[in-house]
Amino acid sequence: VWGGPRPALGGNVPSTVLLHSVLRRTRRSPMLWLPLRALPTGQRRGVEGVYRMASTELAYALIAGIGAFAVGILLGQPIIRLLTRLGVGKEINAWGPHTHLVKRGTPTMGGLIIISSVVLVTLAINLTIGGLSILLPLGTLGAAALLGAYDDYRTLVGRKSEGLTPAQKMLGLLLIAGIAAWILYHNLGANGVYVPGSRALLSLPPWLYLPLAVFAITGTANAVNITDGVDGLAGSLLVLAFLAYAIIAFLQGQIYLTIFAFTVMGATLAFLWFNAHPAEVFMGDTGSLALGTALAVVALMTQQWLLLPVVGVVFVVETLSVIIQKIYRKLNNDKRLFRMAPIHHHFELSGWAETQVSVRFWALGMLAAMFGIALALL
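Quick notes on the rules
Residues numbered from 1 in each chain as written. Predicted model: local features only at pLDDT ≥ 70, side-chain atom pairs only at ≥ 80, totals over all residues. Heavy atoms only, no water. Helix = DSSP H or I, 4+ residues; strand = E, 2+ residues; numbered from the N terminus. Buried < 20%, exposed > 50% of the residue type's maximum accessible area, 1.4 Å probe, protein only. Areas by Shrake-Rupley, 256 points an atom, 1.4 Å probe, with all protein chains shown as cover. Polar contact = N/O pair within 3.5 Å; in protein donor to acceptor, adjacent residues only side chain to side chain. Contact = heavy atoms within 4.5 Å. 1 Å grid on protein atoms, 1.4 Å probe; cavity = no way out; pocket = protein on both sides within 12 Å on 5 of 7 lines; lining within 4 Å. Points joined across faces, edges and corners; volume = space filled by probe spheres on them. Core = buried A, V, L, I, M, F, W, Y, C linked by side-chain atoms within 4.5 Å. Expected span 1.5 Å × (residues − 1).

Remarks on the overall build of the chain
Step number 1: Per the secondary structure count, the chain includes 13 helices and 2 strands.
Step number 2: For the chain, the residues scored as buried account for 52% of the 378 residues in total.
Step number 3: For the chain, the exposed surface amounts to about 17,600 Å²; the carbon and sulfur share of it is 67%.

Description of the side chain of lysine 169
Step number 1: Structurally, lysine 169 is set in helix α5 (residues 166-186).
Step number 2: For lysine 169, a relative accessible area of 13% translates into the label buried.
Step number 3: For lysine 169, the side chain forms a polar contact with the side chain of aspartate 151, separated by 3.3 Å.
Step number 4: The contacts of lysine 169, once residues within four sequence positions are left out, are Leu147, Asp151, Leu164, Asn225, Asp285 and Leu289.

Side note on the side chain of asparagine 225
Step number 1: Within the fold, asparagine 225 resides in helix α6 (residues 206-227).
Step number 2: In this structure asparagine 225 comes out as buried when scored by relative accessible area, which is 17%.
Step number 3: In contact with asparagine 225, other than residues within four places in its own chain, are Lys169, Asp285, Ser288 and Leu289.

A closer look at empty space enclosed by the protein
Step number 1: Using the criterion set out here, one finds 2 cavities of 30 Å³ or more in the structure.
Step number 2: Space inside the largest cavity adds up to approximately 60 Å³.
Step number 3: The wall of the largest cavity is formed by 10 residues, among which Thr122, Ile125, Asn126, Tyr256 and Ile259 lie closest to the centre.
Step number 4: Looking at the lining of the largest cavity, the elements that each hand over two or more residues are α3 (111-129) and α8 (255-275).
Step number 5: Among the elements that take part in the lining of the largest cavity, α8 stands out by supplying 4 residues, more than any other.

Details of the environment of valine 314
Step number 1: Within the element layout of this structure, valine 314 appears in helix α11 (residues 313-331).
Step number 2: In this structure valine 314 comes out as buried when scored by relative accessible area, which is 8%.
Step number 3: Separated by 48 residues in sequence, valine 314 and tryptophan 362 have C-alpha atoms that sit 8.6 Å apart.
Step number 4: Every residue in contact with valine 314, bar those within four places of it in the chain, is listed here: Leu237, Phe361, Leu364 and Gly365.

Thoughts on the nonpolar core
Step number 1: By size, the foremost hydrophobic cluster in this structure holds 96 residues, and its most contacted members are Val118, Leu141, Tyr209, Leu238, Phe242, Tyr245 and Trp305.
Step number 2: Take this core: its biggest share by element is 15 residues, from helix α7 (residues 233-251).
Step number 3: Those residues in contact with valine 118 that sit more than four places away from it in its chain are Leu138, Leu141, Phe260, Thr263, Val264 and Ala267.

Focus on α8
Step number 1: Compared with the 30 Å implied by 1.5 Å per residue over 21 residues, the 30 Å span of α8 between its first and last C-alpha is a close match.
Step number 2: For α8, a buried count of 18 out of 21 residues is recorded, marking the element as mostly surrounded by other parts of the structure.

Considering unusual backbone geometry
Step number 1: Here the bond from histidine 277 into proline 278 is cis, since omega is -5°, no more than 30 degrees from zero.
Step number 2: Residue proline 342 follows alanine 341 across a cis peptide bond; omega there is 0°.
Step number 3: Along the polypeptide, proline 342 turns up in the loop between α11 and α12 (343-349).
Step number 4: In this model, asparagine 333 sits at a positive phi of 50°, which is unusual for a non-glycine residue.

Here it is in C-alpha cells:
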C-alpha cells in the first residue's frame, strides 16, 4: 500500500492493506474517504469497518508512544542522579566553542533514558501482541547502545582518552550492521528498495543489497553522532525522522514497525525534556549511535531507505560539512572553509545562539520529513 505490499483481500493482513484493496475495488481513490455515501450499502460498510480497524491500530501505536514518554519521564531524574553519583560527566573538548566549556561535567550517557524506555515498552507490547520482527531494530538499538556506552565511558571528566578511535568505532558498527543486513535480506525478505516518487519495487541481489544496507546503517549512525553537539538538536531531528517512517510503515500495513517507531519517538521526547537548553544530561554515543542505527534499520524494513538522505537531510549536511572541512584544510594549507565543523558550530561562532541553531535546524528537519513522506506517497 503506497510503497508497501499489496496482498489480496482476506486472511491475516493489516487493516491498512485491506482498506486500500477495498477502495481500489470500488474504483475510489484511497485519498478520498469522505464520499462513502455514494457507495452501495455493502461496500460502504466494508470500507467503514476496515477503516475503523486501521484507526484502532494507529491509536495503539500512538498510545505506545505516549506510554514510552511517560516511562522516560519517570526514569529520567533517577537515571540522571545515578549518572551524577557515578561521576559520568562529559569532558568538553578545548577546541570547541568557548560557550560550551560551562557544560563540562554534565552527565552523559543520557541515551539510557531512551533505550530503557523503548526496551520496556517494546517488550511489554511484544509479550502481549507478538511481532517478533521488531526484535531486529530493538536488538540493533541495544547493541549500538552498548558500543556507544563504552565510548562514552572513556571520555569522562578526568580521563585522558578521547574515546574509541574512529577505526574501533567503525569496526563495531560494521559488525552490528552486517548482522542486521543479513537478517533483513535472508530472514525478513526486505531485499529491495522503492524508487522515490514511484511505487516500483526493485529487488536487489545480495552482493549489492548487503553492502548498501551496511553503508546505510553505519552512515546514519555516524551522521546522528556528528549532529549531536547542540542541546536538543539531534533528539528533535530524530523525533521527526522516526515520525516520517512511522507514517510510511503505517501506510504499508507494518503496524508493529509503526508501534516501534512511535515508541522511539515518545522515549526521545522524554529525553528532550531533560536535554532542553541548558541541558541536564547529554545523549552521548549511547543514544546517538543506537538511535541512528535503529533509524536505518526501520528505513530498511520499509524498503524506503533511499528516502533516508531526504528525511535526514540535516544529518547529511552535518556530515558533509565535516568531510568538506577536512578536504579543504588539506588542500589549502590548513585554512578553514567553515569557522568550525560540524556546521552547527559554524553558525554558533557566526553569532547564532545555541537555541537558534537547534530550532532553525529543527524547522529544516520538519520540512525534510514532510517531503520524504510526500515522496513515499507518490
